[in-house]
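Here is how the chains run, residue by residue.
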Amino acid sequence: MSQVQIIDAPTQAEITVTPILRFAGHSFEPLPSGALYWHAQETLLVADLHLEKMSSFARRGQMLPPYDTGLTLARLEADLERTGAQRLICLGDSFHRVDASSLLTNSNRMRLDTLAERIDCVWLCGNHDPLPNGLAGTALAELVLAGLTLTHEPRRGTAGLVAGHLHPAAHIVMAGRSIRKPCFVHDSQLLILPAYGASTGSINILSPAFDGLFDLAALEVTMLGKDRTYPVSPKRLIAN
């Protein structure tokens, strides 16, 4: 069972401490961007970038500002610089459509190429991008690393599974205020990352989409804040 300390609300002293998320015998740093840094492996984990989502909508006649890819890549570059990660693992749905890598602007493609020249990039397949995206790096359906199984869609029955797909969010009431934020959520067997992309939505972890995935008695939740992340008690979660 993981050992993240659960608190009802962060105190000023705790805000200065880098939070640690412990899962399946490993320690991670959950970043406020939604990335998860695995210090022991010098690896940055991200899920659900959904690059070129807005340009995919434009193809269907929904003319939305096509800036999401640039914003997501800027966030990713900042996290890689901050952590010094030597490997990037994207847990699927890196692109919003199977052919969306062809919609990249030249500048954004060059940014991705530059990343792949600097560090190892691993692209796991997702339901939105089930085929290799043609970018530099390694494309896999699933990856086992240091005893953990990294994949896109969560499932029960595999100990040490790290996934994305569901875009988890937590809704709490604290000091009379309603707060809903993306979150990391896990029990002793399954860890789900929040969606990383700039244009992605989120789903309440108490919604039917998460039914049966977690041992609720062992549930631990780490919400994203503006400048840090913080664990919250599952007792504070509300469904609506």
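Just so we're clear, the structure is a prediction, and the values are computed from it rather than from any experiment. (Residues numbered from 1 in each chain as written. Predicted model: local features only at pLDDT ≥ 70, side-chain atom pairs only at ≥ 80, totals over all residues. Heavy atoms only, no water.)

Visitor: Talk me through the layout of surface pockets; I want residue IDs and the actual numbers.
Guide: Roughly 160 Å³ of internal volume is contained in the second largest pocket. Every residue along the wall of the second largest pocket is listed here: P32, S33, R75, P182, A195, Y196, G197, A198, T200, G201, S202 and L224. A breakdown of the residues in the lining of the second largest pocket according to their chemical character gives six nonpolar, five polar and one charged. (1 Å grid on protein atoms, 1.4 Å probe; cavity = no way out; pocket = protein on both sides within 12 Å on 5 of 7 lines; lining within 4 Å. Points joined across faces, edges and corners; volume = space filled by probe spheres on them. Nonpolar A, V, L, I, M, F, W, Y, C, P; charged D, E, K, R; others polar.)

Visitor: Outline the sheet that holds strand β5 (residues 87-90), listing residues and values.
Guide: Taken together, seven strands build an open sheet; the order of strands is β1-β2-β3-β4-β5-β6-β7 and the sheet is mixed. Two strands in the sheet have a free side with no partner beyond their single neighbour: β1 (21-23) and β7 (138-140). Neighbour-to-neighbour, the strand axes of the sheet open up by a mean angle of 25 degrees, direction not taken into account. Judged from the two bridges that link them, strand β2 (residues 26-30) and strand β3 (residues 36-38) form a sheet pairing that is antiparallel. When the bridges of β3 are listed, P30 appears paired with L36. Contacts from helix α3 (residues 68-83) reach β2, β3, β4 (43-46) and β5, with the element oriented near 150 degrees to β4. (Pairing = 2+ DSSP bridges. Helix = DSSP H or I, 4+ residues; strand = E, 2+ residues; numbered from the N terminus. Axes fitted to C-alpha atoms, helices over the stretch in contact; angles between N-to-C directions. Contact = heavy atoms within 4.5 Å.)

Visitor: Please give an account of empty space enclosed by the protein that cites residues and values.
Guide: Empty pockets left among the atoms are what a rolling probe the size of a water molecule brings to light. Counted by the stated rule, this structure contains one cavity of 30 Å³ or more. The volume enclosed by the largest cavity comes to roughly 50 Å³. In terms of residue class, the lining of the largest cavity is built from six nonpolar, two polar and one charged.

Visitor: Which residues make up the pattern of salt bridges, and what values do they have?
Guide: Applying the stated criterion to the full structure yields four salt bridges. Ionic pairing is found between E142 and R155, a salt bridge with its closest N-O pair at 3.1 Å. Of this pair, E142 sits in the loop between β7 and β8 (143-145) while R155 sits in the loop between β9 (148-150) and β10 (161-163), placing them 13 residues apart in sequence. (Salt bridge = Lys/Arg side-chain N within 4 Å of Asp/Glu carboxyl O.)

Visitor: Explain the packing of α3 against helix α4 (residues 106-118) to me, and be specific about the residues and the numbers.
Guide: Interaxial distance between α3 and α4 falls to 11 Å at its minimum, and their mutual angle equals 20 degrees. Judged on the interaxial angle alone, α4 and α3 are roughly parallel. In terms of crossing hand, the pair formed by α3 and α4 is left-handed. Of α4, the residues touching α3 (which contributes T69, G70, L73, A74, L76, E77 and L80) are N108, R111, L112 and L115. Class assignment for the residues of the contact of α3 with α4 results in six nonpolar, three polar and two charged. (Parallel < 35°, antiparallel > 145°, perpendicular 65-115°, else oblique. Left-handed = near helix turned anticlockwise from the far one by under 90°.)

Visitor: An account of the environment of L112 is needed here, citing residue identities and associated values.
Guide: Note on placement: L112 falls in helix α4. On the basis of relative accessible area, L112 is assigned to the buried category, the value being 4%. Through-space distance from the C-alpha of L112 to that of A136 is 8.1 Å; in sequence the pair is 24 residues apart. In contact with L112, other than residues within four places in its own chain, are L51, L73, F95, L104, W123 and L135. (Buried < 20%, exposed > 50% of the residue type's maximum accessible area, 1.4 Å probe, protein only.)

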